[in-house]
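Listed below, chain by chain, are the residues.
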Amino acid sequence: DLTEVPIASPWGEPSDVLRRGRIGTTEIVFLPRHGRGHVQSPSSINYRANIWALASQHVSRIVAVASVGGIRSDLEPGKLILPDQLIDYTYGRKFTFFEGGEKPVTHIDFTEPYCPKLRKRVLKAAKVAKIELLDGGG
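How each quantity is defined
- Residues numbered from 1 in each chain as written.
- Predicted model: local features only at pLDDT ≥ 70, side-chain atom pairs only at ≥ 80, totals over all residues.
- Heavy atoms only, no water.
- Helix = DSSP H or I, 4+ residues; strand = E, 2+ residues; numbered from the N terminus.
- Buried < 20%, exposed > 50% of the residue type's maximum accessible area, 1.4 Å probe, protein only.
- Contact = heavy atoms within 4.5 Å.
- Areas by Shrake-Rupley, 256 points an atom, 1.4 Å probe, with all protein chains shown as cover.
- Lys, Arg positive; Asp, Glu negative; His and termini not counted.
- Charge placed at Lys NZ, Arg CZ, Asp CG, Glu CD.
- pLDDT = per-residue confidence, 0-100.
- Pairing = 2+ DSSP bridges.

## Some details on the overall build of the protein
For step 1, the next point in the chain: For the protein, the count of helices and strands is 2 helices and 5 strands.
For step 2, the next point in the chain: Scanning the protein from its N terminus toward the C terminus, one meets helices and strands in the order β-β-β-α-β-α-β.
For step 3, the next point in the chain: Each principal axis of the C-alpha atoms in the protein carries an extent, and together these give about 45 × 35 × 30 Å.
For step 4, the next point in the chain: Counting over 138 residues, the protein shows a buried share of 21%.
For step 5, the next point in the chain: Residue pairs in contact within the protein that sit at least 24 positions apart in sequence constitute 56% of those at least 6 positions apart.
For step 6, the next point in the chain: Looking at the protein as shown, the accessible area adds up to about 10700 Å², and 58% of this sits on carbon and sulfur atoms.
For step 7, the next point in the chain: Taking the average place of the 19 positive charges on the side chains of the protein and the average place of its 15 negative ones, the gap between the two points comes to 5 Å.

## Examining the confidence of the model for the protein
Note that predicted coordinates carrying low pLDDT should not be read in detail.
For step 1, the next point in the chain: Per-chain confidence: the protein averages 88 in pLDDT, with 99% of residues scoring 70 or above.
For step 2, the next point in the chain: Of all the helices and strands in the protein, strand 4 (residues 81-82) carries the lowest mean pLDDT, 92, while helix 2 (residues 116-128) carries the highest, 96.

## As for the pairing of strand 3 (residues 26-30)
For step 1, the next point in the chain: One ladder, built from 5 bridges, connects strand 2 (residues 18-23) with strand 3; its direction is antiparallel. Opposite Arg19, over in strand 3, you have Phe30 as the bridge partner.
For step 2, the next point in the chain: Between strand 2 and strand 3, which follow one another and run antiparallel, lie 2 residues, and Gly24 among them has a positive phi close to 65 degrees.

Listed below in structure tokens is the structure:
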């Protein structure tokens with residue numbers, strides 16, 4: 001029972017239409033952040049439109065899957081890692097929702113960039129499913 005929900009945001013177009021559905025009894029909203037067909041580079045993704053679109057549908061948690069290079073030589077390709085920190089190499093885009101003007105400048109704490117409650121749930125789910133998942137990049 002998947003339905004497509006086109007969204008227009010004040011920040012422009014999101015990467016694609018949202019797709020609403022269920023996994024078991026859990027309602028989900030899916031948005032391919034690189035666009036349908038994986039056509040948008042990381043730096044060209046309109047993350048503000050994407051986040052706004054998800055928030056407009058009352059999404060409370062976001063799970064993002066990524067395939068990236070690493071900085072640890074002991075972690076071979078194919079290893080699953082649940083990050084606890086990040087190095088942001090995106091460039092050439094706006095970095096905030098708060099640019100002054102009519103909205104006041106807002107300072108956001110980035111010392112813990114990932115939701116601790118959601119991280120615990122993902123770690124527990126991996127354990128129940130017997131999936132090896134490294135907790136943090138260490």
